[in-house]
Amino acid sequence: MHLALLELKAARGRFLLMGAVVVLVAALVGIVSGFTTGLGDDTVSALRRLSATDLAFSPDVKTDQFARSLVGADTLAAWQRQPGVRATGLGVALTRGTTERGVEVDLAAFGVDPAVFLSPGVERGARLAEDGQVVVSGKLADQGVRIGDTLTVDRIGVRLTVVGVTGSSAYGHVPVAYVTPATWQRIRFAVPGAQQATAELPYQYSAVAIQAVPGTDLAAVDRRLGTRTVPLADAFAAAPGYSGEKVTMTSIQTFLYLIAPLVVGAFFGIWTVQRQPELALLRALGASRRRLLGHTLAQASAVVVGGTLVGAALAGAVGLLLGAQVPFSLPAPTLAATMATVALAGLAGAALTLRRVATADPTTMLGAGR
Amino acid sequence: MSLELRGISVTLGHGDARVTVLDGLDATFAAGTATALVGPSGSGKSTLLAVAGALLRPDAGQVLLDGADLAALSERDRARARRERIGYMFQSGNLLGGLVVVDQLLAAASIAGRSHRQLRPRAEELLTELGLGHRLRHRADQLSGGERQRVALGRALLLEPALLLVDEPTAAVDRTQARALTELIVGTTAGRGCVTVIATHDPAVLAVADSAFDMAPSPPERLSA
């Protein structure tokens, strides 16, 4: 190990340069990972918070289900009668509102029955109890919506009293506001510009939220009731932009994971070619192949692990600097997993050069092998 | 202590390019003496050094260092013999780039699994004996050709080798330095009692060495001192 350290010290300029590249790659992967998680949270955190196992949509809608699917009251009631199942209606609609103090906000209206399992808890104020009330996400509170405000839904004039603030949750990058199903139906089905809501609103929902006992044959229920049930996590893809964002960010991450071993492998490849005479000298002086391989791996580990740790710190610092202004989330387990992948990819790149290290020929020192 | 080569044969190359470099060579080198290997290029001087130094396994024959046959050892054991019993001075590329002089010696100690902390005083003392006391913290590229060879000699001697193999030590130094360096090698050999073999084209080395071995004739023959 002493020899590996001597070599690191002697070529510190080159190793620092390589370390800097690893730092940048690791930081970039960390930042992209932070945005991937942050954007994902900003798109589906409200769905993640739903205490449901599955969601049942209307069967004819394959994409963008929350906007397009409509499930009627009869179907909901039928679901509620199924053994091993608890079911409630869920409404989702994107809209916009303004408080009497002039605070304009985009909001995702989630229609939930306050008496059953989808009812959101609150951090401040009161829980959702009756029509005309709204419990807002912490993000809306950050934008200036306060408990006691009257929030008027733009164009249709539905007036909502803010009674509580729940944790930060969003849907499609829009903060969520929880209302009763009846209020949601007024928002979803009202005719824009009408002075009053339509006299007879359809008694419908975007989906049926289900809590199913494990082993319940939901497909059989679907066939009987004419719905299409998907697990909650699969329903995330129905959120606007979720799949596209995920594919984009994952692609960037994947490319960075491919770039990391290539960059590190190229550096150690060139480094190994340059030091072939020295490797031959070390072999001639009696260094075993195992020792040389160990030295090379130790040097690669120092550069890759050191660079990755600094890169992780840099990505974390970027997250702190960005604060809540952008959808960035980099929890410690995610950061650790991401950085471990970068480090492994980098070491895999370095490992590509090991064959050349192992085959250094000591007889070249005497020219006797020619 | 002695080095004895018995019936050494080495063929290099493949197909039409195969050349028999050493053919049944017998030679004995005594402890405390420096023997100059002379002969034209291609006569097998370097190959003999490689075989004697356990760098190259001969096709046939024995390499007996104090009675132990180096040619019969596994690659792993030959590597151990190189780091523990044999010292080398190569013609060029002797030093590790970027390392300071004292670390050149300590690198060899590390390879042999010896404590660099314990050997540092000995390394500095040895370098001072070789006239490099003022160069301990200089890098290889800051040294003259002669100084580099003396560093290589110091590295070769640090672990008290039984066998010192030297390849063209004076090729990159001027006449004055060449004589001084050769005298240093020969004097060190006598003082330490090791077996020293020097491959050379330089008459100055031949003049100072204890004996000479001419690789030109077939079979090679020892020249009178």
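Per an unreviewed UniProt entry, chain B goes by the name Putative ABC transport system ATP-binding protein and belongs to Streptacidiphilus jiangxiensis.

Per an unreviewed UniProt entry, chain A is named Putative ABC transport system permease protein, and its organism is Streptacidiphilus jiangxiensis.

Draft legend 1. Broad picture of the interface of chain B and chain A. Contact with chain B, which involves 30 residues of that partner, is made by 22 residues of chain A. For the pair chain B and chain A, the two sides together bury roughly 2400 Å², of which 64% comes from carbon and sulfur. Its salt-bridge partner being A:R283, residue B:E75 comes within 2.9 Å of it at the nearest N-O pair. Linking chain B with chain A are ten residue pairs in polar contact (both at pLDDT 80 or more), by the criterion used here. Residue assignment for the side of chain B that touches chain A shows that the elements contributing at least two residues are α1 (45-52), α2 (75-85) and α3 (101-111) of chain B. Split into classes, the residues belonging to the side of chain B that touches chain A amount to 14 nonpolar, ten polar and six charged.

Draft legend 2. Layout of the domain arrangement of chain A. All names here are of chain A. Looking at the assigned domains, one finds that chain A contains domain 1 (2-43 + 243-365) and domain 2 (59-226). When each unit is reduced to the centre of its C-alpha atoms, the spacing between domain 1 and domain 2 is 47 Å. In this assembly, five residues from domain 1 lie in contact with six residues from domain 2. In this assembly, domain 1 packs against domain 2 so that about 410 Å² is buried in total across both faces, 32% of it on carbon and sulfur atoms. For the domain 1 face of the interface with domain 2, the top three residues by lost area are D42, T43 and E245, together amounting to 88%. For the interface between domain 1 and domain 2, the tally reads one salt bridge. A salt bridge links D42 to K139; the shortest N-O distance between them is 2.4 Å. In the side of domain 1 that touches domain 2, the residues fall into one nonpolar, one polar and three charged.

Draft legend 3. The arrangement of the packing of aromatic side chains in detail. Residue and element names in this part refer to chain A. Under the counting rule described, the total for this entry stands at 14 aromatic pairs over all chains. Ring centres of F66 and Y171 lie 5.7 Å apart, and the angle between their planes is 80°; on these two criteria the pair is classed as edge-to-face. You can see F66 sitting in helix α3 (residues 65-68) and its partner Y171 sitting in strand β9 (residues 170-171), a full 105 residues away along the chain. Classification of Y171 by relative accessible area gives buried; the value is 3%.

Draft legend 4. Here's a closer look at a nonpolar patch on the surface. Together, A:F255, A:L258 and A:I259 give the surface a local cluster of nonpolar side chains, amounting to about 310 Å² of exposed area. Here A:I259 lies in helix α9 (residues 242-274).

Draft legend 5. Spotlight on the pattern of salt bridges. All chains considered together, the criterion is met by 23 salt bridges over all chains. Residues A:R96 and A:E104 are paired through a salt bridge, measuring 3.1 Å at the closest nitrogen-oxygen approach. Judged by its relative accessible area of 32%, A:R96 falls in the partly exposed class. Counted as one network, the salt bridges with shared partners bring together B:R122, B:E125, B:E129, B:E160 and B:R192.

Draft legend 6. Quick peek at the pairing of strand β4 (residues 104-112) of chain A. Residue and element names in this part refer to chain A. When you tally the buried positions in β4, you get seven out of nine residues, the bulk of the element. Examined bridge by bridge, strand β3 (residues 85-99) and β4 share nine bridges and lie antiparallel to one another. Looking across to β4, one finds that T98 is bridged to E104. Where β3 folds back on β4, the antiparallel hairpin that results is connected by four residues, among which G102 adopts a positive phi of roughly 85°. In this structure, β4 lies alongside strand β10 (residues 174-179), joined through four bridges in parallel fashion.

Draft legend 7. Up close: the sheet that holds strand β5 (residues 68-69) of chain B. Residues and elements named next belong to chain B. A sheet is described by the order of its strands in space; here four strands give the open sequence β2-β1-β4-β5, paired in antiparallel fashion. The strands lining the two open edges of the sheet, one partner per strand, are β2 (19-30) and β5. Examined bridge by bridge, strand β1 (residues 2-12) and β2 share eight bridges and lie antiparallel to one another. Opposite V10, over in β2, you have L22 as the bridge partner. Seen against the sheet, α1 touches β1, β2 and β4 (60-65) and runs at an angle of roughly 120° to β1.

Parameters at a glance
- Position numbers for residues count from 1 along each chain, tracking the sequence in the order it is written.
- Chains carry letters and ligands carry numbers; both start at the beginning, A for chains and 1 for ligands, and go up in the order they are written.
- Owing to the predicted nature of the model, reporting of local features is limited to residues with pLDDT of at least 70; listing and counting of side-chain atom pairs is limited to 80 or more, with chain, interface and lining totals taken over all residues.
- Computation of side-chain values: all heavy atoms of the structure, hydrogens and water removed.
- In what follows, a contact means two residues having at least one pair of non-hydrogen atoms within 4.5 Å.
- Here the quantity called buried area is the accessible surface, traced with a 1.4 Å probe, that two parts lose on coming together, added over both.
- Salt bridge, as used here, is a side-chain nitrogen of Lys or Arg placed within 4 Å of a carboxyl oxygen of Asp or Glu.
- Polar contact criterion, stated in full: a pair of N or O atoms within 3.5 Å, where within protein one must be able to donate a hydrogen and the other to accept it, and residues adjacent in sequence count only if both atoms are side-chain atoms.
- Helix and strand assignments follow DSSP, with helices taken as H or I runs no shorter than four residues and strands as E runs no shorter than two, numbered in order from the N terminus.
- The residue classification treats Ala, Val, Leu, Ile, Met, Phe, Trp, Tyr, Cys and Pro as nonpolar and Asp, Glu, Lys and Arg as charged. All others, Gly included, are polar.
- An automatic or database domain assignment provides the domain bounds reported here.
- The rule is short: rings of Phe, Tyr and Trp, with Trp giving its six-membered ring, pair when the centres are within 6.5 Å, and they are stacked under 30 degrees, edge-to-face over 60, tilted in between.
- For every residue, the accessible area obtained with a 1.4 Å probe (protein chains only) is divided by the maximum for its type, and the residue is called buried under 20%, exposed over 50%, and partly exposed between those limits.
- To count toward a patch, a residue needs a relative accessible area over 30% and no salt bridge; like charges are then connected within 9 Å, while nonpolar side chains (Val, Leu, Ile, Met, Phe, Trp, Tyr) are connected within 5 Å.
- The Shrake-Rupley method, run with a 1.4 Å probe sphere, supplies the accessible areas, and residue values consider only the shown protein chains as cover.
- Two strands are counted as paired when DSSP detects at least two bridges linking them.
- Helix axes use the C-alpha atoms of the stretch in contact, all axes being lines fitted to C-alpha atoms, and the angles between their N-to-C directions lie in the range 0 to 180 degrees.

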